Amino acid sequence: MLFFSFYKSLVGKEITVELKNDLSITGLLQSVDQFLNIKLKDIKVNEEDKYPYMISVKNCFIRGSVVRYVHLPAEDVDVETLQDHSRLEAREQKKQNKQHQEQKSSTATTATTSTTV
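An unreviewed UniProt entry lists the protein under the name U6 snRNA-associated Sm-like protein LSm2, with Dictyostelium firmibasis given as the organism. Listed under Subcellular location (unreviewed entry) in UniProt, the entry text for the protein is "Nucleus". The UniProt entry for the protein carries this comment under Function (unreviewed entry): "Binds specifically to the 3'-terminal U-tract of U6 snRNA."

Structure below.
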């Protein structure tokens, strides 16, 4: 959820998306969803000679599973906020895992007690 929220804050900014097939596309971020699918408008392919069929394309939808990297402008990245939210999310995940393990152990204890009675 952290990256989804972060990318939502970048809507309207210019980003470069590098795909797993080595195609790099630069454009304005129009939208992003929870699967990190990306919609770009006013796109430009970084290597037009290598991908001439992409010259006429102006808008595109990129499935999140084919993205290798997303290059962002340095001035739009608040590193401190990202680090704080990452720590908070990791702490919450650790807390959830601990609660899940406690539930498992209490269920196992209840099951053992039931079978010995």
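Further notes follow.
Peer 1: Honestly, the environment of Asp42 in this entry has me stumped. Any pointers?
Peer 2: Counting through the fold element by element, Asp42 comes out in strand E3 (residues 38–45). We classify Asp42 as exposed; its relative accessible area is 52%. Sequence separation between Asp42 and Leu29 is 13 residues, and the spatial gap between their C-alpha atoms is 9.3 Å. With sequence-adjacent residues up to four places away left out, Asp42 is seen in contact with Thr26, Gly27, Leu28, Lys58 and Asn59.

Here is what the cut-offs are and how they apply
- Residues numbered from 1 in each chain as written.
- Predicted model: local features only at pLDDT ≥ 70, side-chain atom pairs only at ≥ 80, totals over all residues.
- Heavy atoms only, no water.
- UniProt positions renumbered as here; feature names shortened; annotations may be inferred.
- Helix = DSSP H or I, 4+ residues; strand = E, 2+ residues; numbered from the N terminus.
- Buried < 20%, exposed > 50% of the residue type's maximum accessible area, 1.4 Å probe, protein only.
- Contact = heavy atoms within 4.5 Å.

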